[in-house]
Amino acid sequence: MKAAEAIVEILKREGVEVLIGYPVNHVIEYAARADIRTVIVRQERIGLHMADAISRVTSGEKLGAFAMQHGPGAENAFGGVAQAFGESVPILVMPMGYARRLAHVHPNFNSTLNFRNVTKSAEPVTSAAEIPNVFRRAFTRLRSGPLGPALVEIPSDIFAEDFEGDLDYTPSVAIRSGPDPQDIDRVAATLADAKRPVIYAGQGVHYAKAWEPLKRLAELLAAPVTSSLGGKSAFPESHPLSLGSGGRSMPKPVHHFLHNADVIFGIGCSFTQTNFGVTMPKGKHIIHATLDPNDINKDVVASDALIGDAALTLEALNEAVALRVGTKSRDAMKVGAKIASIREPWFAEWQPKLESNDTPLSPYRVLWDLAKTVDVANTIITHDAGSPRDQISPFWPSETPLSYIGWGKTTQLGYGLGLAMGAKLARPDQLCINVWGDAAIGFTGMDFETAVRERIPILSILLNNFSMAIELKVMPVSTEKYRSTDISGDYAAMARAFGGYGERVTEPGDIIPAIRRGIEATEKGTPALLEFITCKETEVSVF
Ligand SMILES: Cc1ncc(C[n+]2csc(CCOP(=O)(O)OP(=O)(O)O)c2C)c(N)n1
Ligand SMILES: [Mg+2]
């Protein structure tokens, strides 16, 4: 068997059904021969974002995989790998490499060396015979422990080699570990005794599929629940104990309850300090439950820590908490009523924007109409960098697990399109939406053509305000003198030129009918881009 045949056989055994890539990398051709669907993008970054979403929306059970060429392909892929690294997403990255005799010769780009700081592991294939060992290591790292991209560089001269003998390869399995039972007892006692506990859920809950045990803990403690952007949709936001999700912008109850908490229990989260995450108030008893020991005492000081898988942690805690709460159980009805009493006036403040009849359109109105029109429980939606993230996350009522792809540890403009496309590949039964601004589309908009050509019928919601509105306050002089924050473009026409459905919407009354037409196009297999002409909104729900 040829070396590349051994590689694709391993990919198949590991459950890889789609290989996203950009030529030249001979793995692509061999994958197609072995009936792994190949998806060719217009630039490397988007392909990595697609692979990223495949891993995310399947809790890492189906791993996204991407292949690109040595030199320019690998160089150009850096952003996509760095974004996945920032967000701790497991993806298999397979650059081709220069022939082994040239791999370490100036100025050849060596992926193993250059990607080392943005991957969990980066390793070259050193000979055909080593293929199973190299891939076993990569896949094992992709499935267990703190997550992140794993890179396997395949030198171009490996492709000429034969893999001798039978391929002996057992697919990797996810290995879970749980916290120390003594720590569980102590934390359970702290939680049961807390007067005003708040639960903060991170994306570890999604990867561990710990949604049910999370709900059970919240109900046992009658504790309000919020989440990071990555954890959004881990807890149904229609639940009376939901505060909504945190981020740069947030619903008022998130701010209120965190500041009034005596104990904050973070589960499956890193508590990373970022502009796009909640800053934890000082002076609280913080319990930090995470898979990654390196997160403990990183940005917040933990009064208690639990290391382990979020499901194992929550299940153990639930047992211990259930024994303790018994009679002194807090009143969930009262807590729910308190949340509602803070939520309602906050919502009323925003209602004029959410229901605005202005033209240019309010982005809030567009997003609120979107939430009212789609089947939220069967939709996977993602924001982009820029104002759209802060405009959507406090108001999007996430209901079902993994129905919102939130991000913000690093925030590359244009990430959302690839995420929606990858989500659609992995979950074709769902309506997959990306919401972005006109700066974001400048980065990856060309790959709307990939969505059309590869029959990945996503719905793309573009909030076009002909501006980088989020930068207006930062760049007043350059805007005034040189119009430095202005942007232009007719993106509905662009979508049509690529063979997709494109419509420009300017009137409030046309928002919902246009969304319906867009969805209809996606149901017929055509990606749709709805371009809403919006005002340069800069107000966001921050506290
Ligand atoms: C690759 C990259 N470069 C720069 C930024 C910084 N940045 C964040 S948002 C933004 C402008 C966003 O404009 P737009 O997408 O039109 O949204 P708006 O604020 O206008 O609604 C910029 C320059 C970034 N996030 N990513
Ligand atoms: Mg804009």
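Residues numbered from 1 in each chain as written. Chains lettered and ligands numbered in written order. Predicted model: local features only at pLDDT ≥ 70, side-chain atom pairs only at ≥ 80, totals over all residues.

Peer 1: Break down the sheet that holds strand β13 (residues 379–382) for me, with residues and values.
Peer 2: Taken together, 6 strands build an open sheet; the order of strands is β14-β13-β15-β16-β18-β17 and the sheet is parallel. One side of each edge strand has no neighbouring strand; the edge strands of this open sheet are β14 (404–405) and β17 (501–505). Note that strand β15 (residues 431–437) and strand β16 (residues 459–464) share 5 bridges and pair parallel. For N434, the partnering residue across the bridge sits in β16 and is S460. Most of the contacts of helix α16 (residues 415–426) go to β15, to which it runs at about 180°, and overall it touches β13, β14, β15 and β16. (Pairing = 2+ DSSP bridges. Helix = DSSP H or I, 4+ residues; strand = E, 2+ residues; numbered from the N terminus. Contact = placed C-beta atoms within 7 Å. Axes fitted to C-alpha atoms, helices over the stretch in contact; angles between N-to-C directions.)

Peer 1: I'd love a proper account of the domain arrangement of the protein, names of residues and values included.
Peer 2: Partitioning the protein into structural domains gives domain 1 (3–155), domain 2 (181–339) and domain 3 (355–533). Domain 1 and domain 3 are separated by 29 Å when their C-alpha centres are compared. Tallying the contact residues gives 23 residues for domain 1 and 23 residues for domain 3. At the level of secondary structure, the elements contributing two or more residues to the side of domain 1 that touches domain 3 comprise α3 (44–57) and α5 (78–86). Element by element, the count of residues in the side of domain 1 that touches domain 3 is highest for α3, at 10 residues. For the side of domain 1 that touches domain 3, a count of residues per class yields 10 nonpolar, 7 polar and 6 charged. (Domains from an automatic or database assignment. Nonpolar A, V, L, I, M, F, W, Y, C, P; charged D, E, K, R; others polar.)

Peer 1: Can you lay out the environment of Q69 for me, pointing to particular residues and giving the numbers?
Peer 2: Here Q69 is to be found in the loop between β3 (64–68) and α4 (72–76). Residue Q69 is classed as buried on the basis of its C-beta count, with 22 C-beta atoms lying within 10 Å. Between the alpha carbons of Q69 and S156 there is a distance of 9.1 Å; along the sequence they are 87 residues apart. Residues within four places of Q69 in sequence aside, it is in contact with P23, V24, N25 and M96. (Buried ≥ 20, exposed ≤ 12 C-beta atoms within 10 Å, placed from the backbone.)

Peer 1: How would you explain the sheet that holds strand β1 (residues 18–21) if you had to name every residue and give the values?
Peer 2: The parallel open sheet is built from 6 strands, whose spatial order is β2-β1-β3-β4-β6-β5. Looking at which strands have only one partner, the edges of the open sheet turn out to be β2 (37–40) and β5 (121–124). Taken pair by pair, the neighbouring strands of this sheet meet at an average axis angle of 20°, ignoring direction.

Peer 1: Hey, could you go over the pairing of β15 for me, with residue numbers and the actual values?
Peer 2: Among the 7 residues of β15, 7 are classified as buried, and the element is accordingly described as predominantly covered. The side-chain alternation of β15 yields two buried faces, one formed by L431, I433, V435 and G437 and the other by C432, N434 and W436. Alignment of β13 against β15, held across 4 bridges, turns out to be parallel. Bridging across to β15, T382 finds its partner in N434.

Peer 1: So what's going on with the confidence of the model for the protein? Residues and values would help.
Peer 2: Per-chain confidence: the protein averages 97 in pLDDT, with 99% of residues scoring 70 or above. The least confident element of the protein, judged by mean pLDDT, is helix α12 (residues 310–325) at 96; the most confident is strand β18 (residues 528–533) at 99. (pLDDT = per-residue confidence, 0-100.)

Peer 1: So what's going on with the packing of α3 against α5? Which residues, and what values?
Peer 2: Between α3 and α5, the shortest axis-to-axis distance is 7 Å and the interhelical angle comes to 30°. One way to sum up the angle between α3 and α5 is to call them roughly parallel. On α5, the residues that touch E44, R45, G47, L48, H49 and D52 of α3 are G79, G80, V81, Q83 and A84. For the contact of α3 with α5, the class distribution of residues is 3 nonpolar, 5 polar and 3 charged. (Parallel < 35°, antiparallel > 145°, perpendicular 65-115°, else oblique.)

Peer 1: Lay out the environment of V452 in plain terms, naming residues and giving numbers.
Peer 2: On the secondary structure map, V452 appears in helix α18 (residues 448–453). Between the C-alpha atom of V452 and that of F66, which follows or precedes it by 386 residues, the distance is 19 Å. Excluding residues within four positions of it along the chain, V452 makes contact with F498, G499, G500 and P527.

Peer 1: I'd like to hear about unusual backbone geometry, residue by residue, with values.
Peer 2: Here the residue pair H106 and P107 is connected by a cis peptide bond, since its omega of 0° sits within 30 degrees of zero. In this fold, P107 is placed in the loop between β4 (91–97) and α6 (111–114). With an omega of -15°, the peptide bond running from T359 to P360 counts as cis. Even without being a glycine, S59 presents a positive backbone phi close to 55°. Among the structural elements, S59 can be located in the loop between α3 and β3. One non-glycine residue, S233, lies in positive phi territory at about 85°. Following the sequence through the fold, S233 ends up in the loop between β8 (225–227) and β9 (242–245). S233 sits in the buried class, given 28 other C-beta atoms within 10 Å.

Peer 1: Kindly report on the environment of V477, identifying the contributing residues and their values.
Peer 2: Examined against the element boundaries, V477 turns out to sit in helix α19 (residues 476–482). As a C-alpha pair, V477 and S341 span 136 residues in sequence and 42 Å in three-dimensional space.

Peer 1: Pulling in residues and values, what's your account of the nonpolar core?
Peer 2: Residues A65 and L214 are the most contacted members of the largest nonpolar core, which totals 168 residues. At 8 residues, the largest contribution of residues to this core is made by α16. If we skip the residues at most four places from it in the chain, A65 touches L11, V16, L19, I20, A51, I91, L92 and M94. (Core = buried A, V, L, I, M, F, W, Y, C linked by C-beta atoms within 7 Å.)

Peer 1: Lay out the pairing of β3 in plain terms, naming residues and giving numbers.
Peer 2: In terms of burial, β3 is largely enclosed, as 5 of its 5 residues are buried. Burial along β3 is two-sided: G64, F66 and M68 facing one way and A65 and A67 facing the other are all buried. Where β1 lies against β3, 2 bridges are found, and the strand directions are parallel. Within β3, the position partnered with G21 by the bridge is A67.

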